[in-house]
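Spelled out, the chains give:
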Amino acid sequence: PADEVRLSFKSGGVVRSIEVQQGERVRAGQLLATLMQDEVAAAVAQARAVAEQAARDLERGRALLADEVATREQVEDLATANAVAQAQLRSALFNARHARIEAPADGVVLRRLAEPDELVAAGQPVLVVGNTGGGWIVRAALSDRDVVRVRQGQAAEVTLDAFPGRRFDAR
């Protein structure tokens, strides 16, 4: 395929499964690989607990401010802590959603770079998928004599053993 993409997980972790083999065709949105969820789920649970506590603290602080027991500065600090905790929860949920790899478009698996139970770093490519909607590139060896006669953009015909008797127009 003319377009290929290296697919990876946003967070590092242990690969739970890779659902496809090299050479296999895939459809847009198809699940290709997942990370083990233990660590991801723990991060979400921790962030959720911190966010809930921050929300309770802010509510309590506002009540104390209304009773003139707490200062406005203390409540503003609690509001900041609550906003930070909510952002951390959103981040943990985002990471949990990206602990799986789905095919970005219809294509074919060109390379499988990891295996189940393997530890991968964040951003480390796990699969290389070629988008079959963007055309194809054929790489061919040419003799020295033929190379000097070929120009970029020149019309060509391609034949493949996989498709006997068929000719494909190319440039």
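Just above sits the structure.
Notes on the structure in this doc start here. A quick note: this is a predicted structure, and the numbers were derived from the prediction, not measured. (Residues numbered from 1 in each chain as written. Predicted model: local features only at pLDDT ≥ 70, side-chain atom pairs only at ≥ 80, totals over all residues. Heavy atoms only, no water.)

### Brief notes about the sheet that holds strand β3 (residues 25-26)
Spatially, four strands are ordered β1-β8-β6-β3 in an open sheet, and the strand pairing comes out antiparallel. For this open sheet the edge positions go to β1 (3-8) and β3, each flanked by a neighbour on one side alone. Sheet topology note: the β3/strand β6 (residues 107-112) ladder contains two bridges and is antiparallel. By the bridge assignment for β6, R25 is matched with V108. (Pairing = 2+ DSSP bridges. Helix = DSSP H or I, 4+ residues; strand = E, 2+ residues; numbered from the N terminus.)

### Focus on the packing of aromatic side chains
Note on aromatic pairs: each is described by the distance of the centres and the angle between the planes. What the rule picks out here adds up to one aromatic pair. The interplanar angle of 75 degrees and the centroid separation of 5.6 Å between the aromatic rings of F163 and F168 together place this pair among those described as edge-to-face. The exposure class of F168 is partly exposed, given its relative accessible area of 25%. (Phe/Tyr/Trp six-rings, centres within 6.5 Å; stacked < 30°, edge-to-face > 60°. Buried < 20%, exposed > 50% of the residue type's maximum accessible area, 1.4 Å probe, protein only.)

### Overview of helix α1 (residues 38-66)
Along its 29 residues, α1 runs 42 Å from first to last C-alpha, staying within 8% of the 42 Å computed at 1.5 Å per residue. Lining the buried residues of α1 we find α2 (72-97). In the segment just after α1, E68 is the residue with positive phi, at about 60 degrees. (Expected span 1.5 Å × (residues − 1). Contact = heavy atoms within 4.5 Å.)

### Quick look at the pattern of salt bridges
Scanning the entire structure with this criterion turns up seven salt bridges. In this structure, R60 and D57 form a salt bridge, with 2.6 Å as the shortest nitrogen-oxygen distance. On the criterion of helical spacing, the pair formed by R60 and D57 is a turn pair, its members being three residues apart in helix α1. For R60, a relative accessible area of 48% translates into the label partly exposed. (Salt bridge = Lys/Arg side-chain N within 4 Å of Asp/Glu carboxyl O.)

### Let's talk about a nonpolar patch on the surface
Together, L142, V147, V148 and V150 make up an exposed nonpolar region whose accessible area comes to about 370 Å². Structurally, V147 can be placed in helix α3 (residues 144-147). (Patch = residues over 30% accessible without salt bridge, like charges linked within 9 Å, V, L, I, M, F, W, Y side chains within 5 Å. Areas by Shrake-Rupley, 256 points an atom, 1.4 Å probe, with all protein chains shown as cover.)

### Digging into unusual backbone geometry
Positive phi, normally seen in glycine, also occurs at E68, with a value near 60 degrees. Checked against the element boundaries, E68 lands in the loop between α1 and α2. In this structure E68 comes out as exposed when scored by relative accessible area, which is 72%. Phi is positive for D117, close to 70 degrees, though the residue is something other than glycine. As for its placement among the helices and strands, D117 is situated in the loop between β6 and β7 (119-120).

### Brief notes about the pairing of strand β8 (residues 125-131)
Here β8 lies mainly inside the structure; five of its seven residues are buried. Two strands pair when backbone bridges link them, and β1 and β8 are joined in this way by six bridges, in the antiparallel orientation. Residue pairing across strands places D3 opposite N131, the latter belonging to β8. Note that β6 and β8 share five bridges and pair antiparallel.

Function cannot be read off these values alone, since they describe shape.
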